[in-house]
Amino acid sequence: MNAAGLEVAPPKKKCQDERCPFHGHLKVRGRLLSGKAVSASEKSFAVVQMEYLHMVPKFTRGERRRSRVSAHVPPCIEVREGDAVTLGECRPLSKTISFVVVESRRGA
Ligand SMILES: [Zn+2]
């Protein structure tokens, strides 16, 4: 556990972002998701894709499905395309963003 109340490694850098769960006032509650960053620009958000198996009982097999969410990236966490990231649910920050990146591991 750390300042943000999460079981993740806190970022080494510091930031001044109000919307940072570690250094700002953003509260993280609800779901924790892990996925892969498929789009990360210089802007403060990234698109994260999750893959999961959906079982089809008729064929007793799974089909691979994927879903994408946009997430806010605080300045103290660096996210590049292909990184494995952990997202925490937070309040809606914009029309489509209600998750924030809390952890990023390079090239997974
Ligand atoms: Zn921060």
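Worth saying up front: this structure is predicted, and the values here are computed from it rather than measured. (Residues numbered from 1 in each chain as written. Predicted model: local features only at pLDDT ≥ 70, side-chain atom pairs only at ≥ 80, totals over all residues.)

Draft legend 1. Layout of the overall build of the protein. Within the protein, the secondary structure is distributed over zero helices and five strands. Counted from the first residue to the last, the protein has its helices and strands arranged as β-β-β-β-β. Each principal axis of the C-alpha atoms in the protein carries an extent, and together these give about 50 × 30 × 25 Å. Here the protein holds 108 residues, and the buried ones make up 29% of them. Taking as baseline every contact in the protein between residues at least 6 positions apart, the subset at least 24 positions apart corresponds to 54%. (Helix = DSSP H or I, 4+ residues; strand = E, 2+ residues; numbered from the N terminus. Buried ≥ 20, exposed ≤ 12 C-beta atoms within 10 Å, placed from the backbone. Contact = placed C-beta atoms within 7 Å.)

Draft legend 2. Structural context of the sheet that holds strand β2 (residues 45-56). If you walk around this closed barrel you meet the five strands as β1-β2-β3-β5-β4, and the pairing is mixed. The mean angle between the axes of side-by-side strands here comes to 50°, regardless of whether they run parallel or antiparallel. (Pairing = 2+ DSSP bridges. Axes fitted to C-alpha atoms, helices over the stretch in contact; angles between N-to-C directions.)

Draft legend 3. Expanded view of the nonpolar core. Counting 17 residues, the largest nonpolar core has A46, A71, V73, V79, L87, V100 and V101 as the members making the most contacts within it. Looking at this core, the elements with two or more residues in it are β1 (28-40), β2, β4 (84-90) and β5 (97-105). (Core = buried A, V, L, I, M, F, W, Y, C linked by C-beta atoms within 7 Å.)

Draft legend 4. Fine view of the pairing of β1. Of the strand pairs in this sheet, β1 and β4 are connected by six bridges, and their pairing is antiparallel. In the sheet register, G35 faces β4, and the bridge partner there is V85. Strand direction decides the pairing type here: β1 and β2, joined by four bridges, are antiparallel. Across the sheet, residue K36 finds its bridge partner in β2, namely Q49. As consecutive antiparallel partners, β1 and β2 are separated by four residues.

Draft legend 5. Quick look at the pairing of strand β3 (residues 61-72). Inspection of the sheet shows β2 paired to β3 by 12 bridges, in the antiparallel sense. Paired with Y52 across the strands is R65, a residue of β3. Turn length for the β2-β3 hairpin, with the two strands adjacent in sequence and antiparallel, is four residues, and the turn residue T60 shows positive phi of about 40°. Across two bridges, the pairing between β3 and β5 is parallel. Note on β5: the bridge partner recorded for S70 is I97.

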